[in-house]
Each structure stands twice: as C-alpha cells, then as structure tokens.
Amino acid sequence: GAGVSQSPRYKVAKRGQDVALRCDPISGHVSLFWYQQALGQGPEFLTYFQNEAQLDKSGLPSDRFFAERPEGSVSTLKIQRTQQEDSAVYLCASSLAGSYYYEQYFGPGTRLTVT
Amino acid sequence: AQSVTQPDIHITVSEGASLELRCNYSYGATPYLFWYVQSPGQGLQLLLKYFSGDTLVQGIKGFEAEFKRSQSSFNLRKPSVHWSDAAEYFCAFGDDNAGNNRKLIWGLGTSLAVNP
C-alpha cells in the first residue's frame, strides 16, 4: 500500500506569505505527527493528533502555526505570515495507534524556503 | 532535561569495515529507544527499536544495537558496511510519561560516508 505522502515537496514563500502543507497518512493510521527539521538538525516535534483530536500542540513555535485534521485522516499544517526562521523541512508521520509499540512511518517531507 | 546526544557529527568508513554509531540519552527511567535512517530525498525509516527485555536488538539491513543502562547508551552497530549505507542516522527516544503524547525526542544525527 501507499506510504505517507506530503505535498508540496518544495515550497518557496516570500516573507509574510501564508503557506499550507498537506499530509496524507497511511490509511487506517490513527496517530499523526508533525515535526520540523532545520538544516543539520534532528527533527523537532510540533504537534500530535489521535484521529481528529489534537492531543498535543506544545511544539508549535508560535501562534502563527496551526494544524488541523478535521476528519481524522488528511492533515494540514498552516503557517501564517512566514518568517525566515520558518525555513525547514516539515515532516509528517503516522502510526497505527497511539503507542510507541507502533512504528511511526514518515513522509518525504516538505522543504519550505522563506525568502 | 530529557535529551539525546549523538557525539559524532560525521563518520567515514571504508566499505566492508565495521561500524558503530554512538547514542547517549538523558532520562530518568528506561526510555523507548529507536534508530532511524534518512537517505537523501527519502523519509526517515525505522532501523530498530528497544522497549524492554533482551538488550541486544536486531534490525533491518543487518544493523543491531545494544542498550546499556549503566552507560545510558544505545549504540548502533553493523559488522560490514555497504556503500548503500551512506546516509544520516538518528537516535531517538520516546517518553512514556508524557501523558497523551507519543512524540519522539531526537538527536542531531550522524552523517555516514562510505569509501569504496
């Protein structure tokens, strides 16, 4: 079956623009995670959904970042008024259920460049 | 604070040589431990994981890792490296005391280059 897909793969935004990044998890996966990976760094947790419920958004760096998963499947990460420090790869992962026993499967990421 | 340290930013080995990538963690209990590999343009792929039990765990692609509680380490090993193993390797752990969260906490990664 298909893995986790993300779109777009690359996004260039002018500072101040709004962007929306999409994640299609593996069908049937309950849990969905967003991570931010800056150049040369490890991923940093942003937010976590279990079905449509956003159970943790403690990693979102500011109120310009917003994520949703309205039907418990596809998720969108929205960044308003982008800043240069938002430039990073945004990774989405999904897992079968909300336990570490279930592997997190990662998408290829969206590389966001803010100019 | 909870953290993962990968002391080696970059390692170069010759094809066929053995490999050990180091990982140390700082956590009050035994965490859930993971090694992931990231190839250019690819998503992160799970190599192996440790939850409990046997401290030597086997993973995919011929990798293994050993959990040593006394050293707070979870080093990744491979007896004979192949050119296709060149990639970025990340150690991560999961905090089971984080309530509803199942986030992973990641190291900075080790970049592996393989000489022919």
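Each chain carries its own residue numbering, running from 1 in the direction its sequence is written. Throughout, the order in which chains and ligands are written sets their labels, letters from A for the former and numbers from 1 for the latter. Side-chain atom pairs in this predicted model are given and counted only at pLDDT of 80 or more, local residue features only at pLDDT of at least 70, and totals for whole chains, interfaces and linings cover all residues. To obtain the side-chain values, all non-hydrogen atoms of the structure were used and water was disregarded.

Colleague: Would you explain the side chain of B:Thr110 in this entry?
Modeller: Residue and element names in this part refer to chain B. Numbering of helices and strands starts at the N terminus; helices are DSSP runs of H or I of at least 4 residues and strands are runs of E of at least 2. By the element assignment, Thr-110 lies in strand E12 (residues 110-115). Summary of the burial criterion: residues with accessible area below 20% of their type's maximum are buried, those above 50% are exposed, and those between are partly exposed, where the area comes from a 1.4 Å probe applied to protein chains only. Thr-110 sits in the buried class, given a relative accessible area of 0%. For Thr-110, the side chain forms a polar contact with the side chain of Gln-6, separated by 3.5 Å. The contact partners of Thr-110, leaving out residues within four places of it in the chain, are Gln-6, Asp-8, Ile-9, Ile-11, Leu-21, Ala-87, Glu-88 and Tyr-89. Two N or O atoms form a polar contact when they lie within 3.5 Å of each other; inside protein one atom must be a possible hydrogen donor and the other a possible acceptor, and for residues adjacent in sequence the pair counts only when both atoms belong to side chains. When checking whether two residues touch, look at their non-hydrogen atoms; a contact exists if any pair is within 4.5 Å.

Colleague: Please explain the state of the cysteines as it appears in this structure.
Modeller: By definition, a disulfide links the sulfur atoms of two cysteines through a covalent bond. Cysteine sulfur atoms are paired as a disulfide whenever they fall within 2.5 Å. Counted by the stated rule, this structure contains 2 disulfides over all chains. There is a disulfide in this structure between A:Cys23 and A:Cys92, and the S-S distance comes to 1.8 Å. Sign of the S-S torsion, about -65° for the bond between A:Cys23 and A:Cys92, identifies this disulfide as left-handed. Linking A:Cys23 in strand E3 (residues 19-24) with A:Cys92 in strand E9 (residues 88-95), this pair joins segments that are 69 residues apart in sequence. The exposure class of A:Cys92 is buried, given its relative accessible area of 0%. Across the disulfide from B:Cys23 sits B:Cys91; the S-S distance is 1.9 Å.

Colleague: Got a minute to help me understand the confidence of the model for chain B in this structure?
Modeller: Low-pLDDT stretches of the model should not have their predicted coordinates read in fine detail. Per-residue confidence for chain B gives a mean pLDDT of 91; residues scoring 70 or more make up 95%. Within chain B, no element has a lower average pLDDT than strand E11 (residues 104-106) of chain B, which sits at 90, and none a higher one than strand E3 (residues 19-21) of chain B, at 98. The pLDDT value expresses, per residue, how confident the predictor is, ranging between 0 and 100.

Colleague: In this structure, what is going on with the packing of aromatic side chains? I would like to understand it.
Modeller: One pair of aromatic rings is described through two measures. These are the centre distance and the angle between the planes. Stacked, tilted and edge-to-face are the three classes applied to pairs of Phe, Tyr and Trp rings, where Trp contributes its six-membered ring and a pair requires centres within 6.5 Å; stacked means planes under 30 degrees apart, edge-to-face means over 60, and tilted covers the rest. Under the definition given, this model contains 18 aromatic pairs over all chains. A ring pair is formed by B:Phe34 and B:Tyr36, whose centres lie 6.4 Å apart and whose planes are at 40°; its orientation type is tilted. When the ring of B:Phe34 is compared with that of B:Phe51, the centres are 5.9 Å apart and the planes differ by 75°; the resulting orientation is edge-to-face. Linking B:Phe34 in strand E5 (residues 32-38) with B:Phe51 in the loop between strand E6 (44-50) and strand E7 (56-58), this pair joins segments that are 17 residues apart in sequence. Judged by relative accessible area, which is 16%, B:Phe51 ranks as buried. Here a set of aromatic residues connected by ring pairs shows up, and it is made of A:Phe33, A:Tyr35, A:Phe45, A:Tyr48, A:Phe106, B:Tyr32, B:Phe34, B:Tyr36, B:Phe51, B:Phe90 and B:Trp106.

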